[in-house]
Amino acid sequence: MSDSFRRHAAAGSLVAWPVLLFLAFLTSPPGTDHNPALFLAHATKVQVSAVLFLWATAAMIPGMLALAGLLRERAPRPANLGAAVGMIGSAAAVSLFMTDFYDLALAQTLPADQAVAVTAAAGDLAGFVYGILIPAFLSHVGALILTISLAATRVGPWWLPVLVVAGIAIPFLTAEQPPAVQSTGALCQLVAYGWAAWRVLRTPIPARG
C-alpha cells in the first residue's frame, strides 16, 4: 500500500466524517424522539438519515487514526490514547443507528403504544445502556484528546478543539430546533477536520524500517 494512497484515504475519512454527518442531520425527521407517528410520516427520511449517520460514524474510525498520525512525533502517548478511546467509542456508536430501522419497523407493524413500549424496554436494557450507549460517547472523548493534543503541541491551530467542541455541542443544544439548525454543528467539524485532512496530505507517512 503506497504512502500516497494511505494519506489520501486518511484525509478522505476526515472529510467524509463531517460531510456525512451534515447530510444525516439535514435529512433527519423533525422531533427529538422516535415517535411512531413521526417515523411513519417520514419513513424515507428515517432510513436515509440512519444510513448517513452510520457511515459518518464509521468514517470516524480511520479518522481517529489519521488524527493520531499527526501526533506520532510530538505526542505519541496522547495519540495512542486518543485513537484507542475514539475508535472504541466510534465502533460502539455505529450500532446505535440500527435502532432507527427497528423503531421504524415497530411503527409499521404494531400499534403506537406497543411500539413505544418496546422501544422504551430496549432502551432500558443494561447491555444497551452500558455496553453500547455510554461507550458511544467515548468517540467524542477520543476526538477531544486528539485535537486538544494537536493544539497543545502546536501541530494544529488553537481553534481546532474549539470547533470540535462546538460541533459536538450544537446538536445537543439545538435538539428542539429543525434538523437544518442541528446540522450546523457538522459544519464546525468540517472546518476542523478539513484542516486536519489538509495537514495529513502534506505529511508523508514514514516507511517502516
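Residues numbered from 1 in each chain as written. Predicted model: local features only at pLDDT ≥ 70, side-chain atom pairs only at ≥ 80, totals over all residues. Heavy atoms only, no water.

Participant: So what exactly am I meant to see when it comes to the overall build of the protein chain here?
Facilitator: Counting its secondary structure elements, the protein chain contains 11 helices and zero strands. Element order for the protein chain, N to C, with α for helix and β for strand: α-α-α-α-α-α-α-α-α-α-α. Over its C-alpha trace the protein chain gives a radius of gyration of 18 Å, about what one expects of a compact globule, namely 17 Å for 209 residues. Projecting the C-alpha coordinates of the protein chain onto the three principal axes gives extents of approximately 60 × 30 × 30 Å. Counting all 209 residues of the protein chain, 41% fall into the buried class. For the protein chain, the proportion of contacts with a sequence separation of at least 24, taken over those separated by at least 6, is 77%. (Helix = DSSP H or I, 4+ residues; strand = E, 2+ residues; numbered from the N terminus. Rg over C-alpha atoms; globule rule 2.2 N^0.38 Å. Buried < 20%, exposed > 50% of the residue type's maximum accessible area, 1.4 Å probe, protein only. Contact = heavy atoms within 4.5 Å.)

Participant: For this particular structure, what's the right way to read a nonpolar patch on the surface?
Facilitator: A surface patch of nonpolar side chains, amounting to about 540 Å² of accessible area, comprises Tyr130, Leu133, Ile134, Phe137 and Phe172. Counting residues per element, the nonpolar patch draws most heavily on helix H7 (residues 126–136), at three residues. Looking at the element boundaries, Ile134 is found in helix H7. Here Ile134 falls in the partly exposed class, since its relative accessible area comes to 46%. (Patch = residues over 30% accessible without salt bridge, like charges linked within 9 Å, V, L, I, M, F, W, Y side chains within 5 Å. Areas by Shrake-Rupley, 256 points an atom, 1.4 Å probe, with all protein chains shown as cover. Salt bridge = Lys/Arg side-chain N within 4 Å of Asp/Glu carboxyl O.)

Participant: What exactly am I supposed to notice about the packing of helix H3 (residues 43–71) against helix H11 (residues 184–201) here?
Facilitator: When two helices pack together, their arrangement is captured by the angle between the axes and the distance separating the axes. At a closest axis distance of 10 Å, the pairing of H3 and H11 adopts a crossing angle of 60°. Between H3 and H11, the angle is such that the two are oblique. In the packing of H3 onto H11, the handedness of the crossing is left-handed. In this structure, H3 uses Ala66, Leu67 and Leu70 to contact H11, whose residues at the interface are Tyr193, Ala196, Arg199 and Val200. (Axes fitted to C-alpha atoms, helices over the stretch in contact; angles between N-to-C directions. Parallel < 35°, antiparallel > 145°, perpendicular 65-115°, else oblique. Left-handed = near helix turned anticlockwise from the far one by under 90°.)

Participant: It is not clear to me how the packing of helix H1 (residues 3–26) against H3 should be interpreted in this structure. Could you clarify?
Facilitator: In the contact formed by H1 and H3, the axes pass within 7 Å of each other and the chain directions differ by 155°. Between H1 and H3, the angle falls in the class roughly antiparallel. By crossing handedness, the relation of H1 to H3 is classed as left-handed. Of the residues in H3, those in contact with Ala10, Ser13, Leu14, Ala16, Trp17, Leu20, Leu21, Leu23, Ala24 and Phe25 of H1 are Ser49, Leu52, Phe53, Trp55, Ala56, Ala59, Met60, Pro62, Gly63, Met64, Ala66 and Leu67. Across the contact of H1 with H3, the residue classes tally to 19 nonpolar, three polar and no charged. (Nonpolar A, V, L, I, M, F, W, Y, C, P; charged D, E, K, R; others polar.)

Participant: I tried to follow the environment of Gln182 on my own but got confused; where do I start?
Facilitator: In this fold, Gln182 is placed in helix H10 (residues 179–182). With relative accessibility at 12%, the residue Gln182 sits in the buried group. In the structure, Gln182 is positioned 54 residues away from Phe128 in sequence and 25 Å away in space, judged by C-alpha atoms. If near-sequence neighbours (up to four positions away) are discounted, Gln182 is found in contact with Phe25, Ile170, Pro171, Thr174, Ala175 and Gln177.

Participant: Even after reading the chapter, I still don't get the side chain of Ser183, so can you show me in this structure?
Facilitator: Secondary-structure assignment places Ser183 in the loop between H10 and H11. Here Ser183 is in contact with Phe22, Phe25 and Leu26, once residues within four sequence places are set aside.

Participant: So what exactly am I meant to see when it comes to unusual backbone geometry here?
Facilitator: A positive phi angle is found at Arg154, which is not glycine, with a value near 65°. You can see Arg154 is positioned in the loop between helix H8 (138–152) and helix H9 (159–173). We classify Arg154 as exposed; its relative accessible area is 76%.

Participant: What am I meant to see in the nonpolar core here?
Facilitator: In summary, soluble globular proteins display a tendency toward joint burial of nonpolar side chains. Core analysis: the biggest nonpolar cluster contains 28 residues, and Leu14, Trp17, Leu67, Leu150, Tyr193 and Val200 have the highest contact counts within it. The set of elements that each furnish at least two residues to this core consists of H1, H3, helix H4 (76–96), H8, H9 and H11. By residue number, the principal contributor to this core is H3, which donates eight residues. Discounting residues that sit within four places of it in the chain, Val200 has contacts with Arg7, Ala10, Ala11, Leu14, Ala66 and Leu70. Membership of the second largest hydrophobic core comes to 10 residues, among which are Ala24, Phe25, Leu52 and Phe53. (Core = buried A, V, L, I, M, F, W, Y, C linked by side-chain atoms within 4.5 Å.)

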